[in-house]
Amino acid sequence: AQSVTQPDIHITVSEGASLELRCNYSYGATPYLFWYVQSPGQGLQLLLKYFSGDTLVQGIKGFEAEFKRSQSSFNLRKPSVHWSDAAEYFCAVGSFGGGATNKLIFGTGTLLAVQP
Amino acid sequence: EAGVAQSPRYKIIEKRQSVAFWCNPISGHATLYWYQQILGQGPKLLIQFQNNGVVDDSQLPKDRFSAERLKGVDSTLKIQPAKLEDSAVYLCASSLTTRASRQETQYFGPGTRLLVL
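Keep in mind it's a predicted model, so treat the numbers as computed, not measured. (Residues numbered from 1 in each chain as written. Chains lettered and ligands numbered in written order. Predicted model: local features only at pLDDT ≥ 70, side-chain atom pairs only at ≥ 80, totals over all residues. Heavy atoms only, no water.)

(A) Local environment of the overall build of chain A. In terms of helices and strands, chain A carries zero helices and twelve strands. Ordered by position in the sequence, the α and β elements of chain A form the string β-β-β-β-β-β-β-β-β-β-β-β. Against the globule reference of 13 Å for 116 residues, chain A gives a C-alpha radius of gyration of 14 Å, in line with a compact fold. Reported as C-alpha extents along the three principal axes, the dimensions of chain A are approximately 50 × 30 × 25 Å. For chain A, the proportion of its 116 residues judged to be buried stands at 50%. Here the contacts in chain A between residues at least 6 apart in sequence split such that 53% fall between residues at least 24 apart. When the accessible surface of chain A is summed, it comes to about 5,200 Å², and 49% of that surface belongs to carbon and sulfur atoms. Mean positive and mean negative side-chain charge positions of chain A (8 and 8 charges, respectively) differ by 7 Å. (Helix = DSSP H or I, 4+ residues; strand = E, 2+ residues; numbered from the N terminus. Rg over C-alpha atoms; globule rule 2.2 N^0.38 Å. Buried < 20%, exposed > 50% of the residue type's maximum accessible area, 1.4 Å probe, protein only. Contact = heavy atoms within 4.5 Å. Areas by Shrake-Rupley, 256 points an atom, 1.4 Å probe, with all protein chains shown as cover. Lys, Arg positive; Asp, Glu negative; His and termini not counted. Charge placed at Lys NZ, Arg CZ, Asp CG, Glu CD.)

Structure, rendered in structure tokens:
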């Protein structure tokens, strides 16, 4: 069965420091991977997505993620974190069944805190 | 472009009461999703509509949950009767096309936070 694991429940980084959020997936075929961010009281906003091609994907707000098939990972990175990046981050894999079934399977999220 | 709208934003009810949530997707989006996000967990799909037809409701607790999407636009999700474990954020999302496309982006609304006492 498809699944997503985010090993880190909570991470604290200093403003200006680099960030890496881990994501491991289990999927039988070529995965379609997403990172979403959720700020308090807000819905989920798409940061970036991977379908094929270049394994290093650029997203919004200076984020990037690297797809590593051998490690079943899709880690999110940012070279310099800003205080406004404090939020919860969700990794997801697209699950496409028969017909038009099209759902996202999410990890449990990583809550990012940013210290001044 | 206006995003996905949801109402109410917050709702507190007692167990065994009923509650309904409303979602208005992005204009022109054919596919609509309802997700349930329990505290400490990632969102889980409850139901997917394509226009006004149900595509996937395999994880919808049909004994108490119901959803409809009349005219292929707005949607309502209802819980009757509510249980304590239904306390969660209910997220609505929409995507543009009717085909199951791996390149489809789902756009999420702000969610409705439900507390069942």
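Back to the text.
(B) Molecular detail of the nonpolar core. With 46 residues, the main nonpolar core has A:Trp35 and A:Tyr89 as its most contacted residues. No other element matches the six residues that strand S10 (residues 87–95) of chain A contributes to this core. (Core = buried A, V, L, I, M, F, W, Y, C linked by side-chain atoms within 4.5 Å.)

(C) Highlighting the packing of aromatic side chains. In the structure shown here, the tally under the stated rule is 16 aromatic pairs over all chains. Ring geometry for A:Tyr36 and B:Phe108: centres 5.4 Å apart, planes at 85°, overall edge-to-face. With one member in each of two chains, A:Tyr36 in strand S5 (residues 33–38) and B:Phe108 in strand S10 (residues 107–108) form a pair that bridges those chains. Side by side, A:Tyr36 and B:Phe108 carry an identical accessibility label, which is buried. For the pair B:Tyr35 and B:Phe108, a centre-to-centre distance of 5.4 Å together with 50° between the ring planes defines the contact as tilted. Within this pair, whereas B:Tyr35 is found in strand S4 (residues 31–37), its partner B:Phe108 is found in strand S10, the two being separated by 73 residues in sequence. (Phe/Tyr/Trp six-rings, centres within 6.5 Å; stacked < 30°, edge-to-face > 60°.)

(D) Representation of the pattern of salt bridges. Residue and element names in this part refer to chain A. As enumerated under the stated definition, the model contains six salt bridges over all chains in all. Across the pair Arg 22 and Asp 8 runs a salt bridge, and its minimum N-O distance is 2.9 Å. Separated by 14 residues along the polypeptide, Arg 22 in the loop between strand S3 (19–21) and strand S4 (24–26) and Asp 8 in the loop between strand S1 (3–5) and strand S2 (10–14) bring together distant segments of the chain. Residue Asp 8 is classed as buried on the basis of its relative accessible area of 18%. Note that Arg 77 is salt-bridged to Glu 64, the shortest N-O span being 3.2 Å. (Salt bridge = Lys/Arg side-chain N within 4 Å of Asp/Glu carboxyl O.)

(E) Spotlight on the environment of A:Val37. Residue and element names in this part refer to chain A. Counting through the fold element by element, Val 37 comes out in strand S5. Classification of Val 37 by relative accessible area gives buried; the value is 6%. Between the alpha carbons of Val 37 and Leu 47 there is a distance of 6.7 Å; along the sequence they are ten residues apart. With near-sequence residues (within four places) excluded, Val 37 lies in contact with Gly 43, Leu 44, Gln 45, Leu 47, Ala 87, Glu 88 and Tyr 89.

(F) How the structure looks around the sheet that holds strand S1 (residues 5–7) of chain B. Residue and element names in this part refer to chain B. In spatial order, the strands read S1-S3-S8-S7; together these four strands make up an open sheet with antiparallel pairing. Both outer strands of the open sheet, S1 and strand S7 (65–68), are each paired with one neighbouring strand and no more. When strand polarity is set aside, the average angle formed by the axes of neighbouring strands in this sheet is 15°. Relative to strand S3 (residues 19–24), S1 runs antiparallel, the two sharing three bridges. Note that in S3 the partner of Ala 5 across the bridge is Asn 24. (Pairing = 2+ DSSP bridges. Axes fitted to C-alpha atoms, helices over the stretch in contact; angles between N-to-C directions.)

(G) Local environment of the state of the cysteines. All names here are of chain A. For the coordinates displayed, the defined rule picks out two disulfides over all chains. The partner cysteine of Cys 23 in its disulfide is Cys 91, sulfur to sulfur 2.0 Å. As the torsion about the S-S bond is roughly -65°, the Cys 23-Cys 91 disulfide counts as left-handed. Placement of Cys 23 in the loop between S3 and S4 and of Cys 91 in strand S10 is noted, with a sequence separation of 68 residues between them. (Disulfide = S-S within 2.5 Å.)

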